[in-house]
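# Remarks on the overall topology
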Amino acid sequence: QVQLVESGGGLVQAGGSLRLSCAASGRTFSSYAMGWFRQAPGKEREFVGVINSSGGRTYYADSVKGRFTISRDNAKNTVYLQMNSLKPEDTAVYYCAAANLWSTITVMTSQFRYDYWGQGTQVTVSS
């Protein structure tokens, strides 16, 4: 029902910024909560942040709080992840995901809550 395609990844030096985009297809995009996750080689996939369907509510992992910002433009069927003050430990493949229903914050941090996933985009932060 929803297809997601991430873009905007690349190589950036520590302290730099990068903006990821997730373009979605689907008539019901505006009804989905959108999450961002990341996974480094040999590591488990971890929660980055989530935004509700209207864009009025966001929640972030402590590791990125104050540095990353999620936003969405429902008219463009796109969600964004603005990443500032990047650190080498931010290096990972970043995925966007869509969830049909909003649940508790604890549930929304779980990858298993999400119904659709993008292919991922690589972000590499050098020292």
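In short, a report on the structure. (Residues numbered from 1 in each chain as written. Predicted model: local features only at pLDDT ≥ 70, side-chain atom pairs only at ≥ 80, totals over all residues. Heavy atoms only, no water.)

Before going further, it helps to examine the overall build of the protein. The helix and strand inventory of the protein stands at one helix and 11 strands. Ordered by position in the sequence, the α and β elements of the protein form the string β-β-β-β-β-β-β-β-β-α-β-β. A compact globule built from 127 residues would reach a C-alpha radius of gyration of about 14 Å, and the protein, at 13 Å, matches this within 12%. Expressed along its principal axes, the backbone C-alpha trace of the protein runs to roughly 40 × 30 × 25 Å. Among the 127 residues that make up the protein, the fraction classed as buried is 42%. (Helix = DSSP H or I, 4+ residues; strand = E, 2+ residues; numbered from the N terminus. Rg over C-alpha atoms; globule rule 2.2 N^0.38 Å. Buried < 20%, exposed > 50% of the residue type's maximum accessible area, 1.4 Å probe, protein only.)

This part takes up the packing of aromatic side chains. Under the defined criterion, the tally for this structure stands at seven aromatic pairs. Ring geometry for Tyr-32 versus Tyr-116: centroids 5.9 Å apart, planes at 70°, classification edge-to-face. With Tyr-32 in the loop between β3 (18–25) and β4 (33–39) and Tyr-116 in strand β10 (residues 116–117), this residue pair connects regions lying 84 residues apart in the sequence. Ring geometry for Phe-47 and Tyr-59: centres 6.0 Å apart, planes at 25°, overall stacked. Within this pair, whereas Phe-47 is found in strand β5 (residues 46–51), its partner Tyr-59 is found in strand β6 (residues 58–60), the two being separated by 12 residues in sequence. The class of Phe-47 is buried, set by a relative accessible area of 10%. Pairwise contacts between aromatic rings join Phe-37, Phe-47, Tyr-59, Tyr-95, Tyr-114 and Trp-117 into one cluster. When the ring centre of Phe-29 is taken as origin, the NZ or CZ atom of Arg-72, which lies over that ring, is 4.7 Å away. (Phe/Tyr/Trp six-rings, centres within 6.5 Å; stacked < 30°, edge-to-face > 60°. Lys NZ or Arg CZ within 6 Å of the ring centre and 35° of its normal.)

It is worth spelling out the state of the cysteines at this point. A complete count under the given rule lists one disulfide for this structure. The partner cysteine of Cys-22 in its disulfide is Cys-96, sulfur to sulfur 1.9 Å. As the torsion about the S-S bond is roughly 55°, the Cys-22-Cys-96 disulfide counts as right-handed. Remark: Cys-96 occurs in strand β9 (residues 92–99) and Cys-22 occurs in strand β3; sequence separation between them is 74 residues. (Disulfide = S-S within 2.5 Å.)

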